[in-house]
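Working through the structure, step by step
These are the residues of each chain, in order.
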Amino acid sequence: MKTIQNIGIIIFLIGLGIFSALPFMGTFKLDQGTFDGIVAEKRIKSDLFIQDIQQNVVGKEYNGMINLSSNISKALDNANEAHVKNKEYKKKIYTKSSEMASLIGKRSGSGYIVNNKGIMWMLTFGLGIIGALMFIVPQVLTLGKKGIKNDGIYHQSSTNRGWIAWLVFAFLVSFYMVLYFGSEYAVNWTYLVDPISESLSGNPAGHWFVYGFMYCVIMVVMAVRMYIKYRHNMYQMVRTTSVLFFQIIFAFLIPEIMVRLQMPYYDFKNAFPLDYDFFFQWNLKSLINSGGIGLFILVWGIVLTLVIVPVMVYFFGKRWYCSWVCGCGGLAETLGDPYRQHSSKSLFSWKVERWLIHGVLVFAVFMTGITLYSFFAETGTVMGIKTSGIQNTYSLAIGSVFAGVIGTGFYPIFGNRVWCRFGCPLAAYLGFVQRFKSRFRITTNGGQCISCGNCSTYCEQGIDVRAYAQKGENIVRSSCVGCGVCSAVCPRGVLKLENGPEAGRINPTQVLLGNDVDLMELVNNK
Amino acid sequence: MEHIVIIGNGIAGVTAARHIRKNSDKRITVVSTETDYFFSRTALMYIYMGHMKFEHTQPYENWFWKKNRIDLVKGYVNTVDHLNKSLILANGSSIAYDKLILATGSKPNKFGWPGQDLPGVQGLYSKQDLDQLEANAPDNKTCKRAVIVGGGLIGIEMAEMLRSRKIPVTFLVREDSFWNGVLPAGESALINEHILEHHIDLRLGVNLGEILADENGRARAVVIKETGEEIACDVVGLTAGVSPNVDFLKDSGIELGRGIKVNRHLETNIKDIYAIGDCAEQHESIGNRRPIEAVWYTGRMMGETVAQTICGNKIEYKPGHWFNSAKFLDVEYQTYGWVFSERGMKEYEQHFHWRDDKELICITMAFHKETKQFLGINTFGIRMRHEIFDRWLTEERDVFYVMEHLKDANFDPEFYTTYETKIVSKFNSEFGTNITPKKKSWKRIFSNA
Ligand SMILES: Cc1cc2nc3c(=O)[nH]c(=O)nc-3n(C[C@H](O)[C@H](O)[C@H](O)COP(=O)(O)OP(=O)(O)OC[C@H]3O[C@@H](n4cnc5c(N)ncnc54)[C@H](O)[C@@H]3O)c2cc1C
Ligand code: SF4
Ligand code: SF4
C-alpha cells in the first residue's frame, strides 16, 4: 500500500511538474492572416501597433510565451504612449497587454502541444488525477477502521506549516497570479482543455475555462479523500456530494451549455454580492439584450439574494449556502480540508474578521449603489467618484487578490476559509441573518464537554467552539458555515448542528447541567 | 481585600477561580507547579497523536488571567501552615492566604511492583508524563513494543496513542473482560472486540509480576505474574488508576483519608481550607457516587459550588444525576444515571441490552425490577441528549416511557442511521410490550427549557 501511494505521489508530481513547466514551453508563430483577423476582430486602429507587430512578430518563431508576450506588450505600450502624446485618443488600444498577448498567443501556437492536446492532457491532468487517486484511494485501508482520522496532522510538514506547506502556498499564489494577472502564460494550459471546451460551449478554451475545469477536477479528487476520511459520518458524505453537484452542474456545465445555446453565461447559484459584478453595466446590458432568459436571470439574481438566500438561512442556517452549495466553500471543504486547523482562534483575529468582512460588505454595497445610480442616470461619475474606478478597485483588490490569491493561496498557512471568513460579503450578509433570525444553532450537550479543544482546533472559521461548549452554551455565531466538523471531531458527543425553534436557541449558562439544580437556577437566571 | 489562594490550576481550581471572580472582587492567586497556564488534561492524548498542539489544549488565551485579575504563581507548595495561614513553596518563598482551596488532583497508582521506577516505566497523568512518553516512544523504531498495565480509561487511551505511531502494544488487564467492574458484560465484550480490531495484544485476566531491567538499567521486559511469560518491551505504561495527590499535606493537620476529607460544603476539618476536584474525599458518599470521584465534571461542579460558598452564599455540594462519557478508540461512550456492571448491580436493578448486528453500537438500559422506573442508560456509538435523560431521571419516568420517547433523546449528527426502531422492537419482544417509538418532537425536547 505504501508503495502504491509513493508511486502515486511521484506520478502526481510528474503531472504537476509538466503542468508547471508548460507556461515556459511551446512554439508560437503568428502569421499574417491570423493577425489581420485579430486586428479586424478587436477593431485595432493603431497603425503604430500594427506596424510594430508586423515587423517584429509576424512570421517569427518564438519558444515559449515569455518573449512573444514581452514583444507584444512593448509594441502596445509604445503605440499607446505615442497616441496619447499626439492626442490621437481614437487610436489608443484599451485591451490590456496581457489580454492582447494571450489572444495572439492562443491563435499562434504551433508544435507538439497544440497538435497533441489529448496526450498533453494525459501528461498533465491525467497523471495528476491518477497519481492523486493512487495516493488517496489506498487510505481506505491505511487509515484503518472508520472514525476520526487526524493522527499526525501536527507532525507532518504538509499540514503543520512545514516546508511542504510553504511550497504549496508558493505554487497556489503563483498559479492565481497567472490566472488573474498573467493570462498569457496560461495559453498552453488552454490547449489541453480545448477539446472539452469545444464539446461543451463550442468555443476554444480561455484561461477561465482552464480554471473552471481544474476546479472541478480538484474538487472531485479531493472529495474522494473526504469520502474516505469521513466515511463514518453521513453528514459529511451528503454535504460533500452536495457541493460537488453544485460545482459541476451549476458552476461548470450549465453556464457553458448556456453559451452554446446563445444565452448569457450565468451561474444560477452564485448570489450577489459574492457575484459582485452582477449589476455592472456590461452585465445588465447583456442580460437585457438576451431576451427572455436574460430577464429571467435578472429577476432570479435579485430574488436569490433578497428572498431565497435569507429565507433558507432562516430555516437551515447559512450552511445551506456556504458549505452545501457555494463553489468557494466547495473548494475549501475538499482541497482545503487538510488545512482547516490553521484558522486562528484568537480573540484578536475575531476582531480583525469583523472589521474586514463587514468592511467588504459595505464596500460591495457602496460600489453597487454607485453602479446602479450611474446605470440609471447614465453617467460615469457619481459625486466626483468614477464608477469604473471604484469597480476596478473592487475587482482587483477584493475579487482577485482577496478572493483568489489570498483566499486560496493562503490555505496551507491561514486555513481553508480565509476568504469566507474575512472577505466574503455574501457571508457577512448571511451571517447577520444567521445570528439574529434563524432556527439554526449548534446545540451543546448539557455538561458533557471536557474542554479538550478538538472542536476549536478543527473549526475552519476560527470559532472558539470550546469557549461555548464548556459553558454549556449553544453556538450561535454569524460566521459558522455549518461544516459539521466540530461535531465530528468531538470525542464526547457534545455538539449537534440542528434546526429547531428559535426560542431558547441562545442559552447563556454559568453553572452547567449535572450540578445542583438550585445552584444552576440561581446563577444562570441572574 | 480577602485573599483567596488556590493550589492547583486544573479544572477544579480554575473553575473555582473564575466563579469567585464573577461573584466578587477578592484577590485570587492560583499556585501550581505543572504548567504556567490551565490546560485540559483530558486532551493530553491528542497532542501525542498529532491532532493538536499543546497550546490548543489551553481553554483560555494567556491574557485571560491578567484581564480577570487572577494571579498565577508557578511553584510547588511544600507546606501548608494553617496556624499562620501561609503556604511555603519549594523555592522558599511564602504566600499568605485568608482562604485556601486545595485542588491538587491525582497521581498515577503504583502498587509496589518490582522495577516500577525504572527508566522507560511511566504513568500518564501530567504534561511531564506526556513529554516523557514523547521521549520514550517517539516512533516504532525506538520503542519496538510497549506494555500497558491496567485496563481503565487511561490505559486504553495510552494504547490508542501508541498505536497511532504504529507501536505494537500489549495490554495487560487484570479483569477477565475490559473494564467489567464498571461496564455490563455485553458492552465490555464489545470493547474487547474493538481493542483486538485495532491490533492491540489484549491479555485478559493477568497481572503484572515484575519489570526487568537491561544492562543499562532501562526497562526491557515485563513478566506476567500468572504465567511467568516474559514480554520484551521498551516502554511500560502504568495506568492502574489514580489516587489523590495529597502526600505533601501529611503533617499539615488537615484530615486525610485516601484524599482530603471534606464535608458537603467542601470544607476540610480546618477552618477556611476547602478541597475540591480529584483530591477531595467525601466523608460519606453522595447517593450511588463514590467518595472520591476523579472525573473532569465533578471537579468542575465542585469548583462552581465552592465559589458560591466563598462568596458568601454558603451551599452544599449537590451533584445532580450522574453522567459521564469516554471514547474507546473509535467508539464513543456516554452514560446517564446509573447502570452497574454485573459485579456492582443493585438487587432491584434489571437490564435491557441491545446490540446492532453489524456496527459496533449498543445500549444498556437499567430499570427497577418492580416499579420499572428508569435508572440509567449506557450508550456505545450513539450520542444521546443529556438534557432529556436528566429530565427523565428527575421525573422518574418508567422504562416504557423512555422507550416510547427514545427518538427525542437521539443526539447523533443529521443524516445518521437511527436505531430506535430496532431497539424498541427488541425490547417489545423481550418484555412482551407493544411500544411504538414516537416521532421526535421539538415541543417535548424544549418543554422544560
Ligand atoms: C489522560 C487522562 C484522560 C482523562 N480523561 C478524562 C475524561 O475523558 N473524562 C473525565 O471526566 N475525566 C478524565 N480524566 C480525569 C480528569 O482529567 C481529572 O479528573 C481532572 O483533570 C482533575 O482535575 P483537578 O482540577 O482536580 O486536578 P488536576 O487537573 O490534577 O490539577 C491539579 C494541579 O495541581 C498541581 N499540584 C498538585 N499538588 C501541588 C502542590 N503541592 N503545589 C503546587 N501545585 C500542585 C498539579 O501539578 C496539577 O497541575 C482524565 C485524566 C487523564 C490523566
Ligand atoms: S462551528 Fe463547527 S460547524 Fe461551524 S464552522 Fe466551525 S467547525 Fe464548522
Ligand atoms: S471537542 Fe467536544 S469535548 Fe472537546 S472541547 Fe469541543 S465540545 Fe468539548
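An account of the accompanying structure is given in this report. Since we're looking at a predicted model, the values are computed, not measured.

**Some points on the overall build of chain B**
Within chain B, the secondary structure is distributed over twelve helices and 25 strands. Based on the C-alpha atoms only, the size of chain B along its principal axes is roughly 70 × 60 × 40 Å. Evaluated residue by residue, chain B yields a buried proportion of 57% over its 449 residues. Within chain B, residue pairs in contact and separated by at least 24 positions form 61% of the contacts whose partners lie at least 6 positions apart. Accessible surface computed for chain B: about 18200 Å², of which carbon and sulfur atoms make up 48%. When the 56 positive and 60 negative side-chain charges of chain B are each reduced to one mean point, those points stand 4 Å apart.

**Regarding the interface of chain A and chain B**
Accessible area lost when the parts come together is the quantity often used to give the size of an interface. Taken together, the contacts link 66 residues of chain A with 68 residues of chain B. Remark: the boundary between chain A and chain B carries seven salt bridges. Our count for the contact surface shared by chain A and chain B stands at 39 residue pairs in polar contact (both at pLDDT 80 or more). Listing elements by their share of the side of chain A that touches chain B, those giving two or more residues are α12 (234-260), β6 (440-444), α22 (454-458), α24 (485-489), β7 (495-499) and α25 (517-524) of chain A. Among the elements that make up the side of chain A that touches chain B, the one with the highest residue count is β7(A) (five residues). Taken together, the residues of the side of chain A that touches chain B sort by class into 25 nonpolar, 26 polar and 15 charged.

**A few points about the site of ligand 1**
Taken together, 32 residues surround ligand 1, and among them A:R492, B:E34, B:V77, B:Y125 and B:D278 come closest. In this structure, ligand 1 sits where chains A and B come together, each supplying nearby residues. B:V77 is positioned with one of its backbone polar atoms (N or O) 2.9 Å from a nitrogen atom of ligand 1. With respect to ligand 1, the side chain of B:D278 contributes an N or O atom lying 2.7 Å from an oxygen atom. For ligand 1, the accessible surface in isolation is 990 Å², of which the surrounding protein chains cover 95%. Elements that contribute at least two residues to the shell around ligand 1 include exactly α1 (11-23), α5 (153-164) and α7 (296-310) of chain B. Grouping the amino acids of the shell around ligand 1 by side-chain chemistry returns 14 nonpolar, 13 polar and five charged.

**Regarding the sheet that holds strand β7 (residues 99-102) of chain B**
Residues and elements named next belong to chain B. The strand order across the open sheet built from five strands is β3-β2-β1-β7-β19, with neighbouring strands paired in parallel fashion. Lying at the two open borders of the sheet, with one neighbouring strand each, are β3 (70-74) and β19 (273-275). Between one strand axis and the next, the sheet turns through 20° on average, direction left out of account. Here strand β1 (residues 3-7) runs beside β7; their pairing, made up of four bridges, is parallel. Each bridged residue has a counterpart across the sheet, and for I7 the counterpart in β7 is L102.

**Quick word on the pattern of salt bridges**
Evaluated as defined, the whole model comprises 52 salt bridges over all chains. One salt bridge in this structure joins B:K271 and B:D272, with 3.5 Å as the shortest N-O distance. Connected via shared salt-bridge partners are A:R225, A:K229, A:R239, A:E333, A:D337, A:R340, A:R417 and A:E460.

**Quick notes on the side chain of A:E353**
All names here are of chain A. Summarising the element assignment, E353 is placed in helix α17 (residues 347-377). According to the relative accessible area criterion, E353 is buried, its value standing at 4%. Of the polar contacts made by the side chain of E353, one reaches the side chain of R421; its length is 2.7 Å. Setting aside anything within four residues of it in sequence, one finds E353 in contact with H358, R421, F422, Q461 and S479.

**Let's talk about the sheet that holds strand β14 (residues 219-224) of chain B**
All names here are of chain B. With respect to topology, three strands assemble into an open sheet ordered β13-β14-β15, the strand pairing being antiparallel. Two strands in the sheet have a free side with no partner beyond their single neighbour: β13 (208-213) and β15 (230-232). Ignoring strand direction, the axes of neighbouring strands in this sheet form an average angle of 25°. Taken together, the five bridges between β13 and β14 define a ladder with antiparallel strand orientation.

**Considerations on the packing of aromatic side chains**
Counting across every chain of the model gives 70 aromatic pairs over all chains. With a centroid separation of 5.4 Å and 40° between ring planes, the pair formed by A:F209 and A:F252 is classed as tilted. Here A:F252 lies in helix α12 and A:F209 lies in helix α11 (residues 207-229), a separation of 43 residues in the sequence. Across the pair, A:F252 and A:F209 agree in class, each one buried. The interplanar angle of 75° and the centroid separation of 5.6 Å between the aromatic rings of B:Y60 and B:W65 together place this pair among those described as edge-to-face. The pair formed by B:Y60 and B:W65 is uniform in burial state, with each residue classed as buried. The aromatic ring of B:F54 is capped on one face by B:K127, whose charged end is 4.8 Å from the ring centroid.

Conventions used here
- Residues numbered from 1 in each chain as written.
- Chains lettered and ligands numbered in written order.
- Predicted model: local features only at pLDDT ≥ 70, side-chain atom pairs only at ≥ 80, totals over all residues.
- Heavy atoms only, no water.
- Helix = DSSP H or I, 4+ residues; strand = E, 2+ residues; numbered from the N terminus.
- Buried < 20%, exposed > 50% of the residue type's maximum accessible area, 1.4 Å probe, protein only.
- Contact = heavy atoms within 4.5 Å.
- Areas by Shrake-Rupley, 256 points an atom, 1.4 Å probe, with all protein chains shown as cover.
- Lys, Arg positive; Asp, Glu negative; His and termini not counted.
- Charge placed at Lys NZ, Arg CZ, Asp CG, Glu CD.
- Salt bridge = Lys/Arg side-chain N within 4 Å of Asp/Glu carboxyl O.
- Polar contact = N/O pair within 3.5 Å; in protein donor to acceptor, adjacent residues only side chain to side chain.
- Nonpolar A, V, L, I, M, F, W, Y, C, P; charged D, E, K, R; others polar.
- Near = heavy atom within 4 Å.
- Pairing = 2+ DSSP bridges.
- Axes fitted to C-alpha atoms, helices over the stretch in contact; angles between N-to-C directions.
- Phe/Tyr/Trp six-rings, centres within 6.5 Å; stacked < 30°, edge-to-face > 60°.
- Lys NZ or Arg CZ within 6 Å of the ring centre and 35° of its normal.

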